[in-house]
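# Architecture and fold: a report
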Amino acid sequence: MNMSFFTGAVGAYMQNQRMNVQANNIANVNNYGFKAERATFHHLMYGNVLGIDEEQLPKGSGTKMAKASVDFLSSNGYVETGRRFDYAIEGDGFFALYDPTDGEISFTRDGAFMMASFQVPNEEAEPEIDPVTGEEIEPEPILEWRLSDNEGRCVLDSMGNFIVIDVDNKDAELDIGVYDYLIYDGMTHADSGRFLPIDKNGDLYLGTGKVRQGYLELSNVDLAQEMVKVIESQRAYSYALRMVQVSDEIEQTINGLSN
């Protein structure tokens, strides 16, 4: 079978994958702290590979999008908001977010935080005794205000604890934790501007970035660059499909001659 069929089909599919990455970047162009992704391609194997029991594994054809690398280095600067619970990191590092529903810890550059209420056990109250059954009655939980993102996750301080806000003194300075990894490669986008680390990133440590209150980091997506890449992907997609069409025409001609 003509390998150009497979080369064209793989190329069209991979360009479609690349456009998905660019579409996600464009969709987040105005999201604070978002880091753009870049599609990375690797060529497939051009020769047969000897597998288990000397089985001949077929060679590849064309290229494959290996991953979408996150661009952590570039920045489009900061915007001053003046809001009390807006923070930006000047330099390297991330804010740490704790999800109370599943215990997941993720990291973000988006410092658009807010006050959120959480019900926590009242550890200072003594349990009451039910006069009828004699059983202990757990004290009613109390309301605690914490620094949170807009989706119910808690922001952690430099000691890894929740940041509790005194409602009577909201202007008090807060200890906002900045955390960092030695290696960023491989960190995955959880959603929007959140990232999840992998073993490759190494150990977590306190970052050196400086926290700026009343500022937010802008998305580093370059809209003009992304539009150019979309046009490139569209052209490459059409050329790959054209390759399949031409290969089909050649096969039809050969089959016609043989008849």
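Structure: above.
Residues numbered from 1 in each chain as written. Predicted model: local features only at pLDDT ≥ 70, side-chain atom pairs only at ≥ 80, totals over all residues. Heavy atoms only, no water.

### Examining the overall build of the chain
- Counting its secondary structure elements, the chain contains two helices and 19 strands.
- Within the chain, buried positions represent 34% of all 259 residues.
- By sequence separation, contacts in the chain at least 24 residues apart represent 66% of the contacts at least 6 residues apart. (Helix = DSSP H or I, 4+ residues; strand = E, 2+ residues; numbered from the N terminus. Buried < 20%, exposed > 50% of the residue type's maximum accessible area, 1.4 Å probe, protein only. Contact = heavy atoms within 4.5 Å.)

### Some thoughts on the packing of aromatic side chains
- Within this structure, the stated rule accounts for ten aromatic pairs.
- Consider the rings of F72 and Y184, whose centres lie 4.9 Å apart with planes at 50°: the pair is tilted. Of the two residues, F72 sits in the loop between β4 (63-70) and β5 (78-80) while Y184 sits in the loop between β14 (179-181) and β15 (188-189), which places them 112 residues apart along the sequence. Each member of the pair F72 and Y184 is classed as buried.
- Here the aromatic residues F72, F94, F107, Y181, Y184 and F195 are joined through ring pairs into a cluster of three or more.
- Here the basic side chain of R146 rests over the ring of F118, its NZ or CZ set 4.9 Å away from the ring centre. (Phe/Tyr/Trp six-rings, centres within 6.5 Å; stacked < 30°, edge-to-face > 60°. Lys NZ or Arg CZ within 6 Å of the ring centre and 35° of its normal.)

### Considerations on the layout of surface pockets
- What the largest pocket holds in volume is close to 210 Å³.
- The residue inventory of the lining of the largest pocket, partitioned by class, reads three nonpolar, four polar and six charged. (1 Å grid on protein atoms, 1.4 Å probe; cavity = no way out; pocket = protein on both sides within 12 Å on 5 of 7 lines; lining within 4 Å. Points joined across faces, edges and corners; volume = space filled by probe spheres on them. Nonpolar A, V, L, I, M, F, W, Y, C, P; charged D, E, K, R; others polar.)

### Examining helix α1 (residues 3-27)
- The end-to-end C-alpha separation of α1 is 36 Å, in line with the 36 Å expected for 25 residues at 1.5 Å each.
- Listed in full, the buried residues belonging to α1 are S4, F5, G8, G11, A12, M14, Q15, R18, M19, V21, Q22 and N25. (Expected span 1.5 Å × (residues − 1).)

### Brief notes about the environment of I198
- Mapped onto the secondary structure, I198 falls in the loop between β16 (194-196) and β17 (204-206).
- It is 6.2 Å that separates the C-alpha atoms of I198 and M187, two residues lying eleven residues apart in sequence.

### Examining a nonpolar patch on the surface
- A cluster of nonpolar residues, L143, W145 and V167, forms a patch on the protein surface that exposes about 260 Å² of accessible area.
- Along the chain, V167 turns up in the loop between β13 (154-155) and β14.
- A relative accessible area of 39% places V167 in the partly exposed class. (Patch = residues over 30% accessible without salt bridge, like charges linked within 9 Å, V, L, I, M, F, W, Y side chains within 5 Å. Areas by Shrake-Rupley, 256 points an atom, 1.4 Å probe, with all protein chains shown as cover. Salt bridge = Lys/Arg side-chain N within 4 Å of Asp/Glu carboxyl O.)

### What to know about the side chain of D180
- Checked against the element boundaries, D180 lands in strand β14.
- Buried and unpaired, D180 has no salt bridge, with R109 as the nearest side chain of opposite charge at 7.2 Å.
- In this structure the side chain of D180 is engaged in a polar contact, spanning 2.5 Å, whose partner is the side chain of Y184.
- D180 has contacts with D92, G93, F94, D203, L204, Y205 and G207, leaving out every residue within four places of it along the chain. (Lys, Arg positive; Asp, Glu negative; His and termini not counted. Polar contact = N/O pair within 3.5 Å; in protein donor to acceptor, adjacent residues only side chain to side chain.)

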